[in-house]
Structures are given as structure tokens and as C-alpha cells.
Amino acid sequence: MASTGSAPNANAAAEFWEYFQQQKSQIQSLDASAAWDQLRALDQSLREAMIFLPTYDQKQLSQDLEALRQLLMTRKQPRFRFKSTKSKASAPAIATTEPSSDPLPSQSNQNAIANRSFEHIVAQPDVNCQLSDLENCLIDLRLITEQTQLNCHRIRNSVIVCGKVAGSATIRDSCNCIVVLDVAQLRFEGCSRICTFVSSASDPVIERSDNMRFASFPQNLACSGMSLYPVSHVQDFSWLRRQHSPNWSLIDNPDIFQPLWQMLHANEIALDCVLQFIDKC
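Overview of the structure.

What counts, and where the lines are drawn
- Residues numbered from 1 in each chain as written.
- Predicted model: local features only at pLDDT ≥ 70, side-chain atom pairs only at ≥ 80, totals over all residues.
- Heavy atoms only, no water.
- Helix = DSSP H or I, 4+ residues; strand = E, 2+ residues; numbered from the N terminus.
- Buried < 20%, exposed > 50% of the residue type's maximum accessible area, 1.4 Å probe, protein only.
- Contact = heavy atoms within 4.5 Å.
- Areas by Shrake-Rupley, 256 points an atom, 1.4 Å probe, with all protein chains shown as cover.
- Core = buried A, V, L, I, M, F, W, Y, C linked by side-chain atoms within 4.5 Å.
- Phe/Tyr/Trp six-rings, centres within 6.5 Å; stacked < 30°, edge-to-face > 60°.
- Pairing = 2+ DSSP bridges.
- Salt bridge = Lys/Arg side-chain N within 4 Å of Asp/Glu carboxyl O.
- Axes fitted to C-alpha atoms, helices over the stretch in contact; angles between N-to-C directions.
- Parallel < 35°, antiparallel > 145°, perpendicular 65-115°, else oblique.
- Left-handed = near helix turned anticlockwise from the far one by under 90°.
- Expected span 1.5 Å × (residues − 1).

Along the protein chain, the regular secondary structure elements total 6 helices and 11 strands. Of all 281 residues assigned to the protein chain, the portion counted as buried reaches 48%. A separation threshold of at least 6 residues defines the contact pool for the protein chain, and within that pool the share at least 24 residues apart is 39%. Accessible surface, the protein chain as shown: approximately 13,500 Å² in total, 49% of it carbon and sulfur.

Structure follows, in C-alpha cells:
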């Protein structure tokens, strides 16, 4: 465990480190359902602790949490029982219901949109989405009014547009994309060349990623009553030096994307025109 610069932070970091190790040991002894519940709670606690944890501890505990998640994935999960009853549920009109290969745990209220290319995808309302293996697509999630999380895996040459995500969004192994979202917590892993227009109360996090560019959420796509937080800093867990990470930067000319926001606001969308904006990233 690394030490922090001030005594109060050092004490808080030490206490949290001990708490994390206790929770980690306990999770490994629980049954699958209880373990996932406690893992999600520990994930939330870690995110809240980022404010006082030193960079090394942030990186190490995040890696430990991911290793624990992968360990739980080797156990039998309740989600596999969904397959036998899936045909009884009414399928959304646009998104496919085939299970994704995304390693993140699936929830009963999640809709998997996977293995699509050159499509304008509009998600159905009131369903959390899990996106995977999408290429040259526009994925419009703005109809989802109560989205609590967003998981994306292997998205390429695509545009993702969200409204409010009350919890966290995690994007893995993706490249050449534009992402627009209002989210509590945002994390990228193994990504490259992504332009992100975000409003978030916490700093976005990147890991094993490069050529990541950030700007604030577009005003003309903001919903009524939305509280916008401008982005000014990004945490890079793969860059432990004091100097600015070379893996991310702020977009210095966000106005060049105004025609894209106007198309999305007016719902006058031509897929080819939308995808052309990826070249501006």
C-alpha cells in the first residue's frame, strides 16, 4: 500500500485498504448471488474512496476488484437460467436478445445488443443495455429514461449517444468511436482513439488506453433539468508519473461537431453522415 501526502488521507487510505481486503476475502466465501451483490457494493465503495486514495492504491485495488470479478465469472451464475425462458418474453423491436460475450455480469433487466454492423440502432425504453461487437453503427440510447448502468465491449467505428446513466458506464476494448453521455462514473479499459463528450460528477478513468479525447456534454443535447458537469481532468491508471498523461487530452475544437449534435437533436439522421464525424476525432 502506498502512502499519501497528508496524515488524514494516509489514515483513511490505510483503513480503506484493510476494509477492502476483508471484503475481498468474504466475497470469495459467499455463494454466487450474494457474492455479486457484495462485489457491486465494494465497487461503489472503491469509487467513493478514490478521492483520498493515492494513485498506486487506486490502480492496485482496481486490479484486485477486476480479478475478483473474473473469479466470480467462473462460477455458475443465475443468468444462465434466462436462456430457457427467453422465448416467453417479448423481444424488443430493434435490439437482438442473443447473449453477448461481454465478461460483465448480466442483469435481468438488461438487453444485449450484439453483433451488428452498419445499422442505426435505437434501444427500447426502460431497459439497461449491454453493447458488444458493434461496428459502423449509430447506437441511440436516449429513449432509456431510467438507465442505471452501461456496459460496452468491442465497439468500433461507431457513435454511442446516451441520456442520463444514473450509475457507471464501462467501455472496454473499443476504438474509433464517439461517445456522448451524462453519467455518474465513466471508465475506459483497453481503448483507443475515442472522442467522449461527457458530463460526470467524478473524473473519467482510463486504463491501458491511448489517444483518448474529452469534451463537455453538448448543450443542445441536454435534457430539461440535466445538471451538466464540465470535464477538465481524466485519471489514467496506467500513467503513474506526475507529468500529464500522454494518453488523453481535451478536445480543443469541439465546435466542429455541432452539425452532428444538430442532426441528433432534430432526429434527422443519415448513418453515413453521422459516421463521417468519427474521422474528426
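What follows continues from the structure just given.
As a further point, take unusual backbone geometry. Even without glycine at this site, Arg-208 takes up a positive phi of about 50°. Within the secondary structure, Arg-208 is located in the loop between strand E8 (205–207) and strand E9 (210–216).

With that out of the way, let us pick up the nonpolar core. Formed by 33 residues in total, the largest nonpolar core has its most connected members in Leu-131, Leu-141, Phe-188 and Phe-214. Where this core is concerned, the elements lending two or more residues are strand E3 (128–135), strand E5 (150–172), strand E6 (175–189), strand E7 (192–199) and E9. Among the elements that take part in this core, E5 stands out by supplying 8 residues, more than any other. Core analysis: the second largest hydrophobic core is formed by 23 residues, Cys-195, Val-274, Leu-275 and Phe-277 among them.

Turning to the environment of Asp-252, a few remarks are in order. In this fold, Asp-252 is placed in the loop between strand E11 (248–250) and helix H5 (258–266). Asp-252 sits 38 residues away from Phe-214 along the chain, and the two C-alpha atoms are 9.1 Å apart.

We now examine the packing of aromatic side chains. Going through the model one piece at a time under the given rule, you end up with 7 aromatic pairs. Between Phe-197 and Phe-257, the aromatic rings sit 5.0 Å apart at their centres with planes inclined by 65°, giving edge-to-face as the arrangement. Here Phe-197, found in strand E7, pairs with Phe-257, found in the loop between E11 and H5; they are 60 residues apart in sequence, far enough to count as distant. An identical accessibility class is assigned to Phe-197 and Phe-257; each is buried.

Next up on the list: the pairing of E9. Note on strand geometry: in a regular strand, side chains alternate between the two faces of the sheet. Where E7 meets E9, 6 bridges bridge the pair, whose relative direction is parallel. Across the sheet, the residue bridging to Thr-196 is Phe-214, located in E9. Sheet topology note: the E9/E11 ladder contains 3 bridges and is parallel. Bridged to Phe-214 within E11 is Leu-250.

Once the charged atoms of two side chains with opposite charge are near each other, the side chains can pair. Using the criterion set out here, one finds 11 salt bridges in the structure. One salt bridge connects Arg-172 with Glu-66, and the closest N-O pair in it is separated by 3.1 Å. With Arg-172 in strand E5 and Glu-66 in helix H3 (residues 55–73), the pair connects residues that are 106 residues apart, well separated along the chain. Across the pair Arg-142 and Asp-140 runs a salt bridge, and its minimum N-O distance is 2.7 Å. By relative accessible area, Asp-140 is classed as buried at 7%. Salt bridges here are not isolated pairs; linked through shared partners, they connect Lys-59, Glu-66, Arg-172, Arg-187, Glu-189, Glu-207 and Arg-208.

Remark: helix H2 (residues 32–49) packs on H3, axes separated minimally by 11 Å, with the N-to-C direction vectors making an angle of 165°. Accordingly, the angle class assigned to the pair H2 and H3 is roughly antiparallel. For H2 against H3, the interelement crossing comes out left-handed. In this structure, H2 uses Ala-35, Trp-36, Leu-39, Leu-42, Asp-43 and Leu-46 to contact H3, whose residues at the interface are Leu-61, Ser-62, Leu-65, Leu-68, Arg-69, Leu-72 and Met-73.

The subject of this paragraph is H3. Given a rise of 1.5 Å per residue, 19 residues ought to cover 27 Å, and the 27 Å separating the end C-alpha atoms of H3 matches this to within 8%. Within the sequence span of H3, burial applies to Asp-57, Gln-58, Lys-59, Leu-61, Ser-62, Asp-64, Leu-65, Glu-66, Leu-68, Arg-69, Leu-72 and Met-73.

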